[in-house]
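Okay, here's what each chain looks like letter by letter:
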Amino acid sequence: MTVPDRVTADVPNAVVLYEVRESGVAVVTLNRPERMNAWGDGLAAAFYAALDAAEADPAVRVIVLTGSGRAFCAGADMGDLTSISGAVIDGDTDVDKLVGERHPLFVTTLRKPVIAAINGACAGIGMTQALMCDVRFAARSAKFTTAFARRGLIAEYGISWILPRLIGVSAALDLLLSGRKVDAEEAALLGFVKAVVADDELLPHAIAYAEDMAAHCSPSSLAVIKEQVYSDIMRDAAGASARSETLMHESLQRPDVIEGITSFFEKRPPEFPPLKGQC
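Definitions and limits used
Residues numbered from 1 in each chain as written. Predicted model: local features only at pLDDT ≥ 70, side-chain atom pairs only at ≥ 80, totals over all residues. Heavy atoms only, no water. Helix = DSSP H or I, 4+ residues; strand = E, 2+ residues; numbered from the N terminus. Buried < 20%, exposed > 50% of the residue type's maximum accessible area, 1.4 Å probe, protein only. Contact = heavy atoms within 4.5 Å. Areas by Shrake-Rupley, 256 points an atom, 1.4 Å probe, with all protein chains shown as cover. Pairing = 2+ DSSP bridges. Axes fitted to C-alpha atoms, helices over the stretch in contact; angles between N-to-C directions. Phe/Tyr/Trp six-rings, centres within 6.5 Å; stacked < 30°, edge-to-face > 60°. Lys NZ or Arg CZ within 6 Å of the ring centre and 35° of its normal. Salt bridge = Lys/Arg side-chain N within 4 Å of Asp/Glu carboxyl O. Patch = residues over 30% accessible without salt bridge, like charges linked within 9 Å, V, L, I, M, F, W, Y side chains within 5 Å. Lys, Arg positive; Asp, Glu negative; His and termini not counted. Charge placed at Lys NZ, Arg CZ, Asp CG, Glu CD. pLDDT = per-residue confidence, 0-100.

*Asks:* Just checking my understanding: could you explain the overall build of the chain for this structure?
*Replies:* When you go through the chain residue by residue, the secondary structure sums to twelve helices and ten strands. The buried share of the chain, taken over its 279 residues, is 47%. Taking the contacts inside the chain whose residues are at least 6 apart along the sequence as the reference set, 68% of them involve residues at least 24 apart. Accessible surface, the chain: about 13800 Å² in total, of which carbon and sulfur atoms supply 58%.

Structure follows, in structure tokens:
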């Protein structure tokens, strides 16, 4: 990874790296390569702290999430699961501590787009986290598996909600019930990965995609559209259409519309204001 234009957090041996580029893109990197970025050992708290920093920073318009080493996230840290297994009988486990203070679904509530650059193994809760991102790119060497059924677990923390909506019920049941491995090409064919990219081109490709979005899209529009999509999944078509009309009227009151139209006719990049407060 190249040296960032602006480093927002500099913590030695941090389990999550966080950098903000002058282009308005924040790069969040899961950084436990020796454990294939397994979900544990403080990673969850650091991950959500990085997302909070990106969400609060008006200079950040788009977030890119990736992993260091040969994995994106290989699932829950089995060492942690082994250590808590004795408490399961009493119904008082440290599972919540392992997963973190928030569930993966939290990523969908962010007002800023989150782009996943899946650089390698992506399994279990790591796959759930990737699916909760808004757009996913995968390295050619990436492998995916839900894994839950093969560990005696269930479809946890929202994957049974998001996966059928991305690839359909039948395909989702195939992946969830079999727990089989899927390569990057099949992931793209199924539709939960936008594109497959050469390993050494993955992060630059994802950052370039994010930078184009940051440079040309209104932060307010991105925030509202993202909220619309996830909330409309739970709403009927008539309700979604009626609400979009209300949101359209609200958007016409923002300066972004004038800037978007003016920049189009003047054939120049738009200069949208940063996201402030609630949309």
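*Asks:* Looking at this structure, how should I read the side chain of Arg102?
*Replies:* Tracing the chain through its elements places Arg102 in the loop between α3 (95–99) and α4 (106–109). Note on Arg102: relative accessible area 19%, which makes it buried. Among residues more than four places away in sequence, those in contact with Arg102 are Tyr48 and Asp52.

*Asks:* What am I meant to see in unusual backbone geometry here?
*Replies:* Across the chain, the bulk of peptide bonds are trans and the bulk of non-glycine residues have phi less than zero. Unusually for a residue other than glycine, Met36 sits at a positive phi of about 55°. Relative to the assigned elements, Met36 resides in the loop between β2 (25–30) and α1 (43–56). Within the chain, Lys267 stands out as a residue other than glycine whose phi angle is a positive 55°. Secondary-structure assignment places Lys267 in the segment after α12 (255–265).

*Asks:* I keep staring at the sheet that holds strand β9 (residues 182–183) and nothing clicks. Help me out?
*Replies:* Pairing between sheet strands relies on hydrogen bonds along the backbone, with the strands arranged either parallel or antiparallel. Across the sheet, which stays open at both edges, the four strands sit in the order β4-β6-β8-β9 with mixed pairing between neighbours. Two strands close off the open sheet at either side, each with one partner strand: β4 (71–73) and β9. Both strand β6 (residues 121–123) and strand β8 (residues 143–145) contribute to a ladder of two bridges, which runs parallel. Residue pairing for β8: Cys122 is matched across the bridge by Phe144. Strands in contact with helix α5 (residues 125–132) are β4, β6 and β8; relative to β6, the strand with the most contacts, it is inclined by about 95°.

*Asks:* What is the right way to look at the packing of aromatic side chains in this model?
*Replies:* Any aromatic ring pair is given by two values, namely how distant the centres are and how the planes are angled relative to each other. On inspection of all chains with the given rule, the structure shows five aromatic pairs. Summarising the aromatic geometry, the rings of Phe144 and Phe192 are spaced 5.3 Å apart at their centres and angled 85° between planes, so their arrangement reads as edge-to-face. Residue Phe144 is found in strand β8, and its partner Phe192 is found in the loop between α8 (184–190) and β10 (195–197); the two are separated by 48 residues along the sequence. Here Phe144 and Phe192 have matching classes, each one buried. Above the ring of Phe106, the side-chain terminus of Arg102 is found at 4.5 Å from the ring centroid.

*Asks:* What's the story with the pattern of salt bridges in this structure? I'm lost.
*Replies:* Pairing between side chains of opposite charge can happen when their charged atoms approach one another. Counting across every chain of the model gives nine salt bridges. In this structure, the salt-bridge partner of Arg180 is Asp174, at a minimum N-O distance of 2.8 Å. Since its relative accessible area comes to 25%, Arg180 is described here as partly exposed. Among the ionic pairs, Glu186 bridges to Arg180, the shortest N-O distance being 2.6 Å. Taking the relative accessible area as the measure of exposure, Glu186 reaches 24% and is therefore partly exposed.

*Asks:* When you look at a positive patch on the surface in this model, what are you seeing that I'm missing?
*Replies:* A cluster of like positive charges, contributed by Lys143, Arg150, Arg151 and Lys181, occupies part of the molecular surface. Tracing the chain through its elements places Arg150 in the loop between β8 and α6 (159–167). A relative accessible area of 55% places Arg150 in the exposed class.

*Asks:* Mind showing me how you'd approach the confidence of the model for the chain here?
*Replies:* Here the chain averages 84 in pLDDT, while 81% of its residues score no lower than 70. Per-residue pLDDT stays below 50 along residues 1–8; that stretch engages in 22 contacts with residues further than four places along the chain or on separate chains. Low confidence marks residues 83–93, where pLDDT is under 50. Its contacts with residues over four positions away, or in another chain, come to five contacts.

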